Amino acid sequence: MEFETFVDSAKNLRPDYFQEKFSELESIDDSATRGRYFDYFVGLLFNQLPDVDVVIGREVSTGEIDVFVACLDAPDWVHRLVGDATLLENKWRESPTGTDDISVFHDKVSMATASCKVCYFVSMGGFTSERNMGAEQLIQSKSDPKMVGWVREDVEEMVRDGSPEGLLRSHVM
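Everything numeric here is computed off the predicted structure, so don't read it as measured data.

1. With respect to the nonpolar core
Part 1: Judged by nonpolar contacts, the single largest core of 36 residues is most densely connected at Phe-38, Phe-46, Leu-88, Tyr-120 and Trp-150.
Part 2: Ranked by the residues each element gives to this core, the list is headed by helix 2 (residues 31-46), at 6 residues.

Okay, structure coming up:
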């Protein structure tokens, strides 16, 4: 599996660029194709953060990480929030993401890097929510690293802003 890093020309992109590309993503019918492009799209959004290095499709011993963001040279607020790195799992499905996907991703993150304080699971279809232990409850229970779940509305906020910065900062509170 090849992995891809972004070049300097993929920085400082305008929000209208992301709005256009998001519309294109929504029009892709093939779920596998849309999923690959969605990983790239989310990585590109994170690449708008200052002084981060973003890798798409990084292989680790426990499988593939959709988006890996190295934050060693990032501003202090980013580093304090997520650690030396953060990882993202992206799912664009109609149905809500369940507990199995959450557990598998958290295991990957735990094995991939010890310096990740927060990881993110992006699910366009939302998360299952059950009384005892749906995916929403499982996300909230995860620590070391802490897991944050983002849904369609969160992605739309990042697209409007042209960056995940506002969303990242909002989860500090």
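Additional details are given in the paragraphs that follow.
2. Remarks on the side chain of Thr-97
Part 1: Turning to its location among the elements, Thr-97 is positioned in the loop between strand 4 (85-91) and helix 4 (99-112).
Part 2: A distance of 2.7 Å separates polar atoms of two side chains, one belonging to Thr-97 and the other to Ser-123.
Part 3: Those residues in contact with Thr-97, other than ones at most four positions away along the chain, are Lys-91, Ile-102, Phe-121, Ser-123, Gly-126, Phe-127, Thr-128 and Ala-135.

3. Regarding the environment of Lys-91
Part 1: Locating Lys-91 in the fold gives a position in strand 4.
Part 2: Sequence separation between Lys-91 and Met-124 is 33 residues; the distance between their C-alpha atoms is 6.3 Å.
Part 3: Discounting residues that sit within four places of it in the chain, Lys-91 has contacts with Phe-38, Thr-97, Asp-101, Phe-121, Val-122, Ser-123 and Met-124.

4. What about the pattern of salt bridges?
Two side chains bearing opposite charge may form a pair once their charged atoms approach each other closely.
Part 1: Per the counting criterion, the structure on display carries 9 salt bridges.
Part 2: Note that Arg-152 is salt-bridged to Glu-26, the shortest N-O span being 2.7 Å. One end of the pair, Arg-152, is in helix 6 (residues 152-161); the other, Glu-26, is in helix 1 (residues 15-26), with 126 residues separating them in the sequence.
Part 3: What makes Arg-152 partly exposed here is its relative accessible area of 24%.
Part 4: Residue class for Glu-26 comes out partly exposed when judged on its relative accessible area of 39%.
Part 5: In the salt-bridge network here, residues are joined through shared partners; they are Glu-26, Arg-152 and Glu-156.

5. Side note on the packing of aromatic side chains
Part 1: Applying the stated criterion across every chain yields a total of 10 aromatic pairs.
Part 2: On the numbers, 5.4 Å between centres and 85 degrees between planes, the contact of Tyr-17 with Phe-18 is edge-to-face.
Part 3: By relative accessible area, which is 30% here, Tyr-17 ends up partly exposed.
Part 4: In this structure an aromatic cluster arises from ring pairing among Tyr-17, Phe-18, Phe-22, Phe-38, Phe-41 and Trp-92.
Part 5: Over the ring of Trp-77 we find Arg-169, and its NZ or CZ is 3.9 Å from the ring centre.

6. A few points about unusual backbone geometry
Part 1: Cis geometry marks the peptide bond from Asp-144 to Pro-145, where omega comes out at 0 degrees.
Part 2: For Pro-145, the location among the structural elements is in the loop between helix 5 (135-141) and strand 6 (146-150).
Part 3: Of note in the backbone geometry, Asp-51 takes a positive phi value of approximately 60 degrees without being a glycine.
Part 4: Along the chain, Asp-51 falls in the loop between helix 2 and strand 2 (53-60).
Part 5: Residues other than glycine seldom take positive phi values, yet Asp-144 does so here, at roughly 55 degrees.
Part 6: Take Asp-144: it is sitting in the loop between helix 5 and strand 6.
Part 7: When its relative accessible area of 68% is taken as the criterion, Asp-144 is described as exposed.

7. Let's talk about the packing of helix 1 against helix 6
Part 1: Where helix 1 contacts helix 6, the axes come no closer than 6 Å and their chain directions differ by 140 degrees. Classified by the interaxial angle, the pair formed by helix 1 and helix 6 is oblique. Residues Pro-15, Phe-18, Gln-19, Phe-22 and Glu-26 of helix 1 lie in contact with helix 6, whose contacting residues are Arg-152, Val-155, Glu-156, Val-159, Arg-160 and Asp-161.
Part 2: Of the residues that constitute the contact of helix 1 with helix 6, the class distribution is 5 nonpolar, 1 polar and 5 charged.

8. Description of the environment of Cys-116
Part 1: Tracing the chain through its elements places Cys-116 in the loop between helix 4 and strand 5 (118-123).
Part 2: Its relative accessible area of 5% is what places Cys-116 among the buried residues.
Part 3: Sequence-distant contacts of Cys-116, defined by excluding residues within four places in its chain, comprise Val-82, Ala-85, Thr-86, Leu-87, Val-109 and Pro-145.

Parameters and conventions
Residues numbered from 1 in each chain as written. Predicted model: local features only at pLDDT ≥ 70, side-chain atom pairs only at ≥ 80, totals over all residues. Heavy atoms only, no water. Core = buried A, V, L, I, M, F, W, Y, C linked by side-chain atoms within 4.5 Å. Buried < 20%, exposed > 50% of the residue type's maximum accessible area, 1.4 Å probe, protein only. Helix = DSSP H or I, 4+ residues; strand = E, 2+ residues; numbered from the N terminus. Polar contact = N/O pair within 3.5 Å; in protein donor to acceptor, adjacent residues only side chain to side chain. Contact = heavy atoms within 4.5 Å. Salt bridge = Lys/Arg side-chain N within 4 Å of Asp/Glu carboxyl O. Phe/Tyr/Trp six-rings, centres within 6.5 Å; stacked < 30°, edge-to-face > 60°. Lys NZ or Arg CZ within 6 Å of the ring centre and 35° of its normal. Axes fitted to C-alpha atoms, helices over the stretch in contact; angles between N-to-C directions. Parallel < 35°, antiparallel > 145°, perpendicular 65-115°, else oblique. Nonpolar A, V, L, I, M, F, W, Y, C, P; charged D, E, K, R; others polar.

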